[in-house]
Amino acid sequence: MPWFKKAKKPKPIRRDGPRSTVPEGLWVKCQGCKEIIYSKELKRSFRICPKCGYHFRIEAEERIDLLLDHGDDGEMGFRELFVDLSPTDPLSFEDTKSYKDRLAAYQRRLGTRDAVHVLDGTMGGLPVILAVMNYRFMGGSMGSVVGEKVTLAAEAALEQRRPLIVVSASGGARMQEGILSLMQMAKISAALARLRQARLPYISVLTDPTTGGVTASFAMLGDLNVAEPGALIGFAGPRVIEQTIRESLPDGFQRSEFLLEKGFLDMVIPRPELKATIARCLRHFTASSIAS
Ligand SMILES: [Zn+2]
């Protein structure tokens with residue numbers, strides 16, 4: 001749809017195929033207040049409902065656009081790293097469809113190999129390594145490629161002495177890779193520990209939704225863990241928890257604001273302020289420890 005096409009510069013991530021996270025059409029119904037919003041207005045307002053502030057999910061590439069600086073000439077001021085890493089099918093996993101076929105379909109549709117993008121760029125003038133998970137690729141699930149790319153992102157940050165920012169959006173570990181998905185949690189955590197030893201800041205940004213093995217590892221290991229308003233953040237889903245503890249859950253359970261109140265998060269930051277706030281925090285963190 002032409003309303004969603006941006007006229008400017010080419011992007012590292014292709015954008016063909018259907019879009020599940022961004023509603024198409026002229027008018028969009030807000031899931032927060034049920035009001036009907038003009039989609040152009042939504043686009044102008046960072047995909048935030050102008051009436052109730054509900055944050056619609058955004059694409060990985062919009063997120064990258066939003067967080068990284070652009071060159072003066074309208075050129076991309078950043079580049080994508082490790083684009084060639086591609087998942088394999090070590091368990092020959094098959095349910096209704098083989099994992100291999102499923103992967104191939106996602107890769108064809110989204111024009112990317114797996115569910116995370118790693119970028120080298122600047123944020124408010126400060127060189128950073130940024131990783132952004134792509135929820136549209138198999139629900140942002142973490143298999144060996146996501147694990148490896150986030151680890152490589154941490155290692156690039158270490159090598160270049162830059163802060164690391166990871167934006168999570170994930171349903172958790174990818175079951176089709178079994179134990180190999182689970183071991184990514186330990187691998188990434190170890191890489192983050194090396195970053196910490198080197199006194200380089202790591203900021204985790206949790207967006208809607210961040211669950212499962214991603215919450216249980218790198219999404220909660222930031223020097224700062226910040227989230228967008230109203231994001232679903234948790235390990236297991238609310239239904240599983242209710243059935244386990246046999247109690248009904250409080251209002252707003254597993255949403256950003258609830259987690260902030262309970263001390264799981266450091267900040268809840270509205271989308272328009274995300275970049276400036278992170279950049280400001282990084283300046284506070286970094287006196288002499290990083291590249292500039
Ligand atoms: Zn609304």
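In this report, the structure presented in the accompanying data block is examined.

About the criteria used
- Residues numbered from 1 in each chain as written.
- Predicted model: local features only at pLDDT ≥ 70, side-chain atom pairs only at ≥ 80, totals over all residues.
- Heavy atoms only, no water.
- Donors = N, O, S within 2.8 Å, 3.2 Å for Na, K, Ca; no water.
- Buried < 20%, exposed > 50% of the residue type's maximum accessible area, 1.4 Å probe, protein only.
- Salt bridge = Lys/Arg side-chain N within 4 Å of Asp/Glu carboxyl O.
- Helix = DSSP H or I, 4+ residues; strand = E, 2+ residues; numbered from the N terminus.
- Core = buried A, V, L, I, M, F, W, Y, C linked by side-chain atoms within 4.5 Å.
- Contact = heavy atoms within 4.5 Å.
- Phe/Tyr/Trp six-rings, centres within 6.5 Å; stacked < 30°, edge-to-face > 60°.
- Lys NZ or Arg CZ within 6 Å of the ring centre and 35° of its normal.

### A closer look at the coordination of the zinc ion
Stage number 1. Looking at the metal site, the zinc ion is ligated by Cys30 (SG), Cys33 (SG), Cys49 (SG) and Cys52 (SG), spaced 2.3 Å from it.
Stage number 2. All donors of the zinc ion belong to a single chain; written as a sequence motif, their spacing is C-x2-C-x15-C-x2-C.
Stage number 3. Cys30 sits in the buried class, given a relative accessible area of 0%.
Stage number 4. Take Cys33: its relative accessible area is 26%, and that puts it in the partly exposed class.

### As for the pattern of salt bridges
Stage number 1. Inspection of the entire model under this criterion finds 15 salt bridges.
Stage number 2. The shortest N-O distance in the salt bridge between Asp69 and Lys275 comes to 2.6 Å. Residue Asp69 is located in the loop between helix H2 (60-67) and strand S3 (79-81), and its partner Lys275 is located in helix H9 (residues 274-285); the two are separated by 206 residues in the primary sequence.
Stage number 3. On the basis of relative accessibility, which here comes to 23%, the residue Lys275 falls in the partly exposed class.
Stage number 4. When the shortest N-O distance is used, the salt bridge between Arg196 and Asp223 registers 3.2 Å. Here Arg196 is found in helix H5 (residues 178-197), whereas its partner Asp223 is found in the loop between helix H6 (212-215) and strand S8 (224-227), with 27 residues between them in sequence.
Stage number 5. A network of salt bridges, in which partner residues are shared, links Arg57, Asp208 and Arg255.

### Focus on the nonpolar core
Stage number 1. Counting residues in each nonpolar core, the largest one holds 39 residues, and the members touching the most others are Ile129, Leu164, Leu192 and Phe218.
Stage number 2. Sorting the residues of this core by element identifies helix H3 (99-110), strand S4 (116-123), strand S5 (126-133), helix H4 (144-160), strand S6 (164-170), H5, strand S7 (202-210) and helix H8 (256-261) as the ones contributing at least two each.
Stage number 3. The element best represented in this core is H4, accounting for 6 residues.
Stage number 4. Setting aside anything within four residues of it in sequence, one finds Ile129 in contact with Leu81, Val118, Leu119, Asp120, Ala153, Ala156, Ala157, Gln160, Arg162, Pro163, Leu164 and Ile165.
Stage number 5. Within the second largest apolar cluster, 23 residues are counted, among which are Ala60, Leu126, Val132 and Leu282.

### Digging into the packing of aromatic side chains
Stage number 1. Scanning the model with the defined rule gives 4 aromatic pairs in all.
Stage number 2. An angle of 35° between the planes, with centres 5.3 Å apart, marks the rings of Tyr106 and Phe137 as tilted. Here the residue Tyr106 occupies a position in helix H3, and Phe137 occupies one in the loop between S5 and H4, the gap between them amounting to 31 residues.
Stage number 3. Lying over the aromatic face of Phe258, Lys262 brings its terminal NZ or CZ to 5.3 Å of the ring centre.

### Re unusual backbone geometry
Stage number 1. The step from Asp208 to Pro209 runs through a cis peptide bond, and the omega angle for that step is -10°.
Stage number 2. Of note, Pro209 is situated in strand S7.
Stage number 3. At Arg161, a residue that is not glycine, the phi angle is positive and equals roughly 50°.
Stage number 4. Checked against the element boundaries, Arg161 lands in the loop between H4 and S6.
Stage number 5. A relative accessible area of 34% places Arg161 in the partly exposed class.

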